[in-house]
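Structural overview
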Amino acid sequence: MNTRLATRRFLLLLAAASMGPVTGFAAPQQPSAQPGPTPAGPAQVADANSNDPQRPALRSSDVIDLTFRFTPEFNQEVTVQPDGYIQARGLQNDVYVQGLTVAEMTTALQKAYATILNEPEISVTLKDFDRPYFVAGGLVGKPGKYDLRGTTTATQAVAMAGGFADGAKHSQVVLFRKSDSDDWVEVKVLNLKEVLKGKNLNEDTVLQPGDMLYVPKSTWSKIEKFLPRSSLGMFFNPLAL
């Protein structure tokens, strides 16, 4: 009996093996597919554009194209006025946009046009605008106005302007920066001679749009912390200001 029982068990096991995997159990659950990225809407696309250093916050004289997906009769080109407002076709009131990003302007316009259109879809394109810039003057190779592209330090700005000319006072480069008042500029002296030696790297100030660097020939005995903006013509070509 023992021999028969053992033989029977062996045959059952052999038959089971030849049948392949048992199908009475649920298959292992596949991991759920991860959702793909959400397609960017008009505002998201505009926001990405606004992070481009060549697409700054809106300012006076910027020219903007407005495109309406479902109501093309409202398509138009607008200009930011000196007071920061735009006059948009069909709206009773002007819209304030100065200082806004393209995405923020899109939102503001959609809200304004929602009073006369049903769920307006508006594409905002910054067509013509003043790019961020800095001015380099004094004893540099090529004095003038330069585009400010991304993060630029004072030493990098001098290099872009052709480097220091003979007789330049590296240790007393003067940085003029806009203050809270349009009539005054803040003045800071930078010791770029130490920076070029690898010392006092905090002197290598990161420039802001509109900054002006002046490389003097000799040491200044005294420099005021603030100067009237009208006095900058003594240091720079007026056409660059």
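Right above here is the structure, for reference.
Right, let's walk through the structure included here. Along each chain, residues carry numbers from 1 onward, in the same order as the chain's sequence is written. Residue-level local features of this predicted model are given only where pLDDT is at least 70; pairs of side-chain atoms are given and counted only at 80 or more, and the full residue set underlies all totals for whole chains, interfaces and linings. Heavy atoms throughout the structure, all of them, feed into the side-chain values; hydrogens and water do not.

Now for the pairing of strand S7 (residues 144-147). Relative to S7, strand S6 (residues 133-138) runs antiparallel, the two sharing 4 bridges. Each bridged residue has a counterpart across the sheet, and for Val135 the counterpart in S7 is Lys145. In short, DSSP must find at least two bridges between two strands for them to pair. Numbering goes from the N terminus for both helices and strands, where a helix is a DSSP run of H or I of at least four residues and a strand is a run of E of at least two. Linkage of S6 to S7, two consecutive antiparallel strands, is achieved through a turn of 5 residues.

Take unusual backbone geometry next. The phi angle at Ser61 is positive, at roughly 80 degrees, despite the residue not being glycine. Mapped onto the elements of the fold, Ser61 is located in the loop between helix H2 (42-50) and strand S1 (63-68). Any residue under 20% of the maximum accessible area for its type is buried, any over 50% is exposed, and the rest in between are partly exposed; the area is computed with a 1.4 Å probe on protein chains only. Residue Ser61 is classed as partly exposed on the basis of its relative accessible area of 38%. A positive phi angle, near 45 degrees, is found at Glu119, a position not held by glycine. Its place among the elements puts Glu119 in the loop between helix H3 (102-113) and strand S5 (122-128). Judged by relative accessible area, Glu119 falls into the exposed class, the value being 67%.

Reading across from one edge, S2-S1-S5 is the order of the 3 strands in this open sheet, with antiparallel pairing throughout. Each edge of the open sheet is held by one strand with a lone partner, namely strand S2 (76-79) and S5. Ignoring which end each strand starts from, the neighbouring axes of this sheet average 25 degrees apart. Note: S1 against S2, 4 bridges, orientation antiparallel. Bridging from a neighbouring strand, Val63 pairs with Thr79 of S2. Working rule for contacts: check all heavy atoms of both residues, and any pair within 4.5 Å makes them a contact. Note on definitions: angles span 0 to 180 degrees between N-to-C directions of axes, and those axes are lines fitted to C-alpha atoms, for helices only across the stretch in contact. Its contacts with the sheet put H3 on S1, S2 and S5, and the angle it makes with S5 is roughly 135 degrees.

Purely spatial values, then, with no claim about function.
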